[in-house]
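Inside the fold
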Amino acid sequence: QVQLVESGGGLVQAGGSLRLSCVASGRTFSGYTMGWFRQAPGKEREFVAAITWTGGSTSYAASVKGRFTISRDGPKNTVYLQMNSLKPEDTAVYYCAAKWGIRTMALRNEYDNWGQGTQLTVST
């Protein structure tokens, strides 16, 4: 059974940086895509970034491209989301997700494993 545990959220000022971590366990993740999604109050959960476990291909939402970087550490079974130049509109609960396959990395409904989420609040 896949388990995903996020950490690293918190309160940060606009313009600041933060790194989220997601520790994955329960199986080997070769062939999987790992994603980060976020959900702000009153809004739908939206795609942020994704990375293929094997090969490290990445995809980003337009709203975070150039500011956020997704990476993974195979031996640690951990996926990271480095967030720079944070804006108040980045405030949300951030979720780590995993799915088999490397196509359609941004489609939320294709991810069938989710973490519990970690809160990021960006103040002005």
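Note that this is a predicted model, so its numbers are computed, not measured. (Residues numbered from 1 in each chain as written. Predicted model: local features only at pLDDT ≥ 70, side-chain atom pairs only at ≥ 80, totals over all residues. Heavy atoms only, no water.)

1. Brief notes about the state of the cysteines
Inspection of every chain in the model, using the stated rule, returns 1 disulfide. Linked covalently through their sulfurs, Cys22 and Cys96 form a disulfide whose S-S length is 2.1 Å. With the S-S bond torsion at -75 degrees, the cross-link from Cys22 to Cys96 turns out left-handed. Remark: Cys96 occurs in strand β9 (residues 92–100) and Cys22 occurs in strand β3 (residues 18–25); sequence separation between them is 74 residues. For Cys96, a relative accessible area of 0% translates into the label buried. (Disulfide = S-S within 2.5 Å. Helix = DSSP H or I, 4+ residues; strand = E, 2+ residues; numbered from the N terminus. Buried < 20%, exposed > 50% of the residue type's maximum accessible area, 1.4 Å probe, protein only.)

2. A short note on the sheet that holds strand β8 (residues 78–83)
Spatial ordering of the open sheet is given by β1-β3-β8-β7, a layout of 4 strands whose pairing is antiparallel. Here the strands that pair on one side only, and so sit at the sheet edges, are β1 (3–7) and β7 (68–73). Each strand of the sheet is rotated relative to its neighbour by a mean of 15 degrees, with strand direction disregarded. (Pairing = 2+ DSSP bridges. Axes fitted to C-alpha atoms, helices over the stretch in contact; angles between N-to-C directions.)

3. Description of unusual backbone geometry
Leaving glycine out, the prevailing phi sign among residues is negative, and the prevailing peptide bond configuration is trans. Phi is positive for Asn77, close to 50 degrees, though the residue is something other than glycine. Counting through the fold element by element, Asn77 comes out in the loop between β7 and β8. Asn77 sits in the partly exposed class, given a relative accessible area of 23%. One non-glycine residue with positive phi stands out, namely Thr104, at about 45 degrees. Relative to the elements of secondary structure, Thr104 occurs in the loop between β9 and β10 (113–114). Thr104 sits in the partly exposed class, given a relative accessible area of 39%.

4. Some remarks on the pairing of β7
Successive residues of a regular strand alternate their side chains across the two faces of the sheet. In this structure, β7 lies alongside β8, joined through 6 bridges in antiparallel fashion. For Ser71, the partnering residue across the bridge sits in β8 and is Tyr80. Between β7 and β8, which pair antiparallel in sequence order, lie 4 residues; one of them, Asn77, sits at a positive phi of approximately 50 degrees.

5. Description of the pattern of salt bridges
Using the criterion set out here, one finds 5 salt bridges in the structure. The partner of Arg67 in a salt bridge is Asp90, and the shortest N-O contact between them spans 2.8 Å. With a gap of 23 residues between them, Arg67 in the loop between β6 (58–60) and β7 and Asp90 in the loop between β8 and β9 connect regions that are remote in the sequence. By relative accessible area, Arg67 is classed as buried at 12%. We classify Asp90 as buried; its relative accessible area is 0%. One salt bridge connects Glu110 with Lys99, and the closest N-O pair in it is separated by 3.6 Å. Residue Glu110 is located in the loop between β9 and β10, and its partner Lys99 is located in strand β9; the two are separated by 11 residues in the primary sequence. In this structure Glu110 comes out as partly exposed when scored by relative accessible area, which is 37%. (Salt bridge = Lys/Arg side-chain N within 4 Å of Asp/Glu carboxyl O.)

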